[in-house]
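Coordinates in review
Listed below, chain by chain, are the residues.
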Amino acid sequence: MQVGDLVKLSSYGNKVKSNSRFVGPNDLGMIIKLNYDANPDFPYEVSWFHFKVKEQTLHSRQDLKHAR
């Protein structure tokens, strides 16, 4: 996955309680930053389109899948 890719939560990501508090299974987001140095477990910074306020969340690769 690269910066600019459109993503959704994977089936694993939907099961993680910390994700389901703010992102639904059909919500669409965009990867805006990759930062393996600061947080190697959660390097993907995603901006979700359903948020009214510009807010980003951190995710692991297992949490995300490409949106179709």
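Scope of this entry: the structure provided in the associated data block. What you are looking at is a predicted structure, and each value in this text was computed from that prediction instead of being measured.

In this section: the overall build of the chain. When you go through the chain residue by residue, the secondary structure sums to two helices and five strands. Across the chain, helices and strands are ordered from the amino to the carboxyl terminus as β-α-α-β-β-β-β. Dimensions of the chain along its principal axes, counting C-alpha atoms only, are 30 × 25 × 25 Å. Each of the 68 residues in the chain was classed as buried or not, and the buried ones make up 32%. Across the chain, every contact between residues at least 6 apart in sequence was considered, and the portion connecting residues at least 24 apart equals 45%. For the chain, the exposed surface amounts to about 4600 Å²; the carbon and sulfur share of it is 51%. Each charge class in the chain can be summarised by its mean position, and for the 10 positive and 7 negative side chains these summaries are 9 Å apart.

What follows deals with the nonpolar core. Counting residues in hydrophobic clusters, the biggest one holds eight residues: V7, L9, V23, I31, Y44, V46, W48 and L64. Secondary-structure elements contributing two or more residues to this core are strand 1 (6–9) and strand 3 (44–48). In terms of residue count, the dominant contributor to this core is strand 3 (three residues). Aside from chain neighbours lying at most four places away, what touches L9 is N14, N19, V23, G24, W48, H59, D63, L64 and K65.

Bringing the pairing of strand 3 into the picture now. Across the five residues that make up strand 3, a large majority, five, are buried. Side chains Y44, V46 and W48 of strand 3 all project onto a buried face; the interleaved residues E45 and S47 project onto the opposite face, where all are buried too. In terms of strand pairing, strand 2 (residues 29–34) meets strand 3 through five bridges, oriented antiparallel. Note on strand 3: the bridge partner recorded for K33 is E45. Alignment of strand 3 against strand 4 (residues 56–59), held across four bridges, turns out to be antiparallel. Following the sheet pairing, S47 is matched in strand 4 by Q56.

Rules of the game
Residues numbered from 1 in each chain as written. Predicted model: local features only at pLDDT ≥ 70, side-chain atom pairs only at ≥ 80, totals over all residues. Heavy atoms only, no water. Helix = DSSP H or I, 4+ residues; strand = E, 2+ residues; numbered from the N terminus. Buried < 20%, exposed > 50% of the residue type's maximum accessible area, 1.4 Å probe, protein only. Contact = heavy atoms within 4.5 Å. Areas by Shrake-Rupley, 256 points an atom, 1.4 Å probe, with all protein chains shown as cover. Lys, Arg positive; Asp, Glu negative; His and termini not counted. Charge placed at Lys NZ, Arg CZ, Asp CG, Glu CD. Core = buried A, V, L, I, M, F, W, Y, C linked by side-chain atoms within 4.5 Å. Pairing = 2+ DSSP bridges.

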